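Chain by chain, the residues:
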Amino acid sequence: METGITFMISKPKVRSNVISFLDVLTVVSGEVWGLIFVAIVVLVISMMIIDRYYPDSRASFGWKDSAMFLFSTWMWQGYPKAPPSQAARIIALFWWFFCAVFLMSYGASLVQVFALRVETQPRLAAKVPEDLPLQSELRYSTVDEQSAKDFFSNSKLELLKHLWVGMQHYGLNSFPKNVSEGVAKVREGRYALFAESHVLDYYANIDADCALLVSDHRLDEKGYAIAVYKSHPELYHQLDAAIITLKANGMTAELYKRYFADQCPRHFIQQYAEDRIELQRQPINLANFGGMFIILIIGLSGGFLVFALEAILMRKYMGQSQTPALLMNDDL
């Protein structure tokens, strides 16, 4: 069984945000919201112009009806009146298509926003020992034992020297008397404890809330051993055979799971980092939604083209119907 010096921290707490409901607005970029507002204004003015110069003046569809019609379809609701002219109805058809595509895109992006809230874990201040000297969120130390302090103070490795300087920076009061006291400080938050990895694994496994995390990166590697007298070689061979048997039948793995990974199996920092899904939220912007505004412009242009043809044909028809009456008046 391998062990080594590593550190333990607590899971960062999720902070509540009372204005998180405004995230539903960030699903759409500001430029798209602005263009939608401009599109509604342009469509209202266009339908007003078509209504004003529509040959059949008996059917009125003013700016109030145009605005309410566009907003009601935008909210996917019905409106009791419909545009009387074919030109306005063509514009309305393209507007309906625009609203349908937008609402589907908005719904899909909104699901992604709530998925981010559920699946994304808060960021960790440190994942490996090298991160601790480079951050300021966590205090860190080892237990107040001479052997543990000597491991850092007497080391020639630059990393251990930096860690020891950081421990001394927080003062002697930052050194807990034992591992239990150190784990209690870790639970309080903003503190990292250096100790033997298997000792920290045990405390992380028995934590009721499974809120403790242990780093997989060890500062050293060493194994456990059983010492016997040289005068008892048979005992050495018996223990060696027993350990091999326990490994072969899976007993050592079962014992490890019982004491180190039964209640809180995913208590390692690296596993927590894997669970922290980095989803890239892609809002509705011009890059992925700009084509719908082009379609809306095409529909608006088609509506005005139909309006022009409709007006020309209507005037021509009215002119032909008035000609016989004028000829009769001239005869009289």
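Just so we're clear, the structure is a prediction, and the values are computed from it rather than from any experiment.

**Focus: the overall build of the chain**
Across its full length, the chain carries 12 helices and six strands. Evaluated residue by residue, the chain yields a buried proportion of 36% over its 332 residues. Expressed as a percentage of contacts within the chain between residues at least 6 apart in sequence, the contacts between residues at least 24 apart total 76%. Carbon and sulfur atoms provide 61% of the accessible area of the chain, an area that totals close to 20700 Å².

**Regarding the side chain of Thr 73**
Looking at the element boundaries, Thr 73 is found in helix H3 (residues 63-74). Overall, Thr 73 belongs to the buried group, its relative accessible area being 4%. A polar contact is formed between the side chain of Thr 73 and the backbone oxygen of Phe 69, at a distance of 2.9 Å. Within the structure, Thr 73 has its side chain in polar contact with the backbone oxygen of Leu 70 (distance 2.9 Å). Those residues in contact with Thr 73 that lie beyond four places of it in its chain are Trp 95, Trp 96 and Cys 99.

**Details of the pairing of strand E2 (residues 5-10)**
For E2, a buried count of six out of six residues is recorded, marking the element as mostly surrounded by other parts of the structure. Sheet analysis places E2 next to strand E4 (residues 191-196), joined by four bridges and oriented antiparallel. Within E4, the residue paired with Met 8 across the bridge is Leu 193. One ladder, built from three bridges, connects E2 with strand E5 (residues 212-214); its direction is antiparallel. Opposite Met 8, over in E5, you have Val 214 as the bridge partner.

**Observations regarding the confidence of the model for the chain**
Confidence along the chain averages 80 in pLDDT terms, with 83% of residues attaining 70 or more. Per-residue pLDDT stays below 50 along residues 323-332; that stretch engages in zero contacts with residues further than four places along the chain or on separate chains.

**Thoughts on the sheet that holds E2**
Pairing in this open sheet of four strands is mixed, and the strands run E3-E4-E2-E5 from one edge to the other. Both outer strands of the open sheet, strand E3 (139-142) and E5, are each paired with one neighbouring strand and no more. Adjacent strand axes in the sheet meet at a mean angle of 25° when their direction is disregarded. Sheet strands touched by helix H6 (residues 158-169): E3 and E4. Its angle to E3, the strand with the most contacts, is close to 105°. Contacting E2, E4 and E5, helix H8 (residues 197-206) crosses the sheet at an angle of about 125° to E4.

**As for helix H5 (residues 146-153)**
Looking at H5, one finds that the buried residues are Ala 148, Lys 149 and Phe 152. All buried residues of H5 lie within an arc of 95° about the axis, which places them on one face of the element. Of the residues in H5, the exposed ones pointing more than 90 degrees away from the buried face are Gln 146 and Ser 147. In the core, the buried residues of H5 are packed alongside E2, E3, H6 and E4.

Rules behind the numbers
Residues numbered from 1 in each chain as written. Predicted model: local features only at pLDDT ≥ 70, side-chain atom pairs only at ≥ 80, totals over all residues. Heavy atoms only, no water. Helix = DSSP H or I, 4+ residues; strand = E, 2+ residues; numbered from the N terminus. Buried < 20%, exposed > 50% of the residue type's maximum accessible area, 1.4 Å probe, protein only. Contact = heavy atoms within 4.5 Å. Areas by Shrake-Rupley, 256 points an atom, 1.4 Å probe, with all protein chains shown as cover. Polar contact = N/O pair within 3.5 Å; in protein donor to acceptor, adjacent residues only side chain to side chain. Pairing = 2+ DSSP bridges. pLDDT = per-residue confidence, 0-100. Axes fitted to C-alpha atoms, helices over the stretch in contact; angles between N-to-C directions. Arc of directions from axis to C-beta.

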